[in-house]
Amino acid sequence: MRLTGGFGQYVPVSSPVHLMDARAKMGLVALFTAGIFLVDDHVGLVVMALAVGVAVQVSRVPWRIALRGIKALTIILAFTLLAHALRWNPATVTLVRIGPLGVDGPGLLEGIFFATRIMLLVVGTSLLTLTTTPVQLTDGLEYVMRPLRVVRFPAGEVAMMLTIALRFIPTTAQEAEKIMTAQAARGARFDEGGPLRRAKAFVPVLVPLFVNLFRRAEELAVAMESRCYRGGEGRTRLNVAVMRPSDWAALVLGGALVIVIGIVL
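Remarks on the overall build of the chain
Broken down by element type, the chain carries twelve helices and three strands. Of all 265 residues assigned to the chain, the portion counted as buried reaches 34%. Across the chain, contacts joining residues at least 24 apart in sequence account for 72% of those joining residues at least 6 apart. Total accessible area on the chain is roughly 16,200 Å²; 70% of this is exposed by carbon and sulfur atoms.

Some thoughts on helix 6 (residues 74-85)
Between its first and last C-alpha atoms helix 6 spans 16 Å; for twelve residues at 1.5 Å apiece the expected length is 16 Å, and the two agree. If you check which residues of helix 6 are buried, you get Leu 77, Thr 80 and Ala 85. Seen along its axis, helix 6 keeps its buried residues to an arc of 115°; they face one direction. Facing away from the buried side of helix 6, by more than 90 degrees, are the exposed residues Ile 75 and Phe 79.

Details of unusual backbone geometry
Positive phi is not limited to glycine here, since Arg 60 has a value of about 60°. Relative to the helices and strands, Arg 60 resides in the loop between helix 3 (42-59) and helix 4 (63-66). For Arg 60, a relative accessible area of 53% puts it in the exposed group.

Some remarks on the confidence of the model for the chain
Residues at a pLDDT of 70 or more form 87% of the chain, whose mean pLDDT is 81. Mean pLDDT in the chain bottoms out at strand 2 (residues 96-98), which sits at 67, and peaks at helix 1 (residues 16-19), which reaches 90.

Considering the packing of aromatic side chains
A full pass over the atoms with the stated rule returns one aromatic pair. Look at Phe 113 and Phe 114: their rings are 5.2 Å apart centre to centre, the planes differ by 85°, and that puts the pair in the edge-to-face class. In this structure, Arg 23 is placed above the aromatic ring of Tyr 143, and the distance from its NZ or CZ to the ring centre is 4.4 Å.

Describing the side chain of His 18
When you line up the elements, His 18 lands in helix 1. Ignoring anything within four residues of it in the chain, the contact list for His 18 reads Tyr 10, Val 11, Val 13, Lys 25, Ser 59, Val 61, Leu 130 and Thr 131.

The rules behind these values
Residues numbered from 1 in each chain as written. Predicted model: local features only at pLDDT ≥ 70, side-chain atom pairs only at ≥ 80, totals over all residues. Heavy atoms only, no water. Helix = DSSP H or I, 4+ residues; strand = E, 2+ residues; numbered from the N terminus. Buried < 20%, exposed > 50% of the residue type's maximum accessible area, 1.4 Å probe, protein only. Contact = heavy atoms within 4.5 Å. Areas by Shrake-Rupley, 256 points an atom, 1.4 Å probe, with all protein chains shown as cover. Expected span 1.5 Å × (residues − 1). Arc of directions from axis to C-beta. pLDDT = per-residue confidence, 0-100. Phe/Tyr/Trp six-rings, centres within 6.5 Å; stacked < 30°, edge-to-face > 60°. Lys NZ or Arg CZ within 6 Å of the ring centre and 35° of its normal.

If you want it as structure tokens, here you go:
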């Protein structure tokens, strides 16, 4: 079976990661985010990359889907790389020089380090939504925020809003891709001219994109009202999530490994 899906969209395959409780996966993602920012050299980053690679393999999510989020960050990655690699009137030996600008070895390595950190962060955190259904994600978020009910925090409503926002990210990307394909078939060009001309070329894409998003939001609101959704208070669940011993073990061992890597390397 051929698996398709946008960035962050749930991939329905059978794997140990899919069977984990959503709360355990959210804890691992939070610890992974902290650990990757603790890493301060290339050796630690390589070890983190290996850990992410193992996680993707265990999740059985196709690599083409797991790496899809990097494409959207091309401009950010290029800017990060150039911001660290370029030197103005460099006094050191440069690898490439164009007028007063130059690229030296240490700056290039630093740019690669930070760009790689961003890519690992995107791929590692996207595994949460790639291996967790929206319902499981909503329940997990609500469980995590449940202690805040003491101060009358609407945990159920906030969890639902966050889940809908996450779910709309791949939907928005798919809608934009469809509209751009339709516009290109009618002769539109998005890769010609300077930055201002390219920005103007995207105006015909943004208008129908927002119209479609508002239509989808209205349809979703009608569907939720027709199913008598009135917030998280008193809401029952067909499947009650339970943290199993394997989930606790994965959370503790995986989190400890990530933090040790971040501190030691």
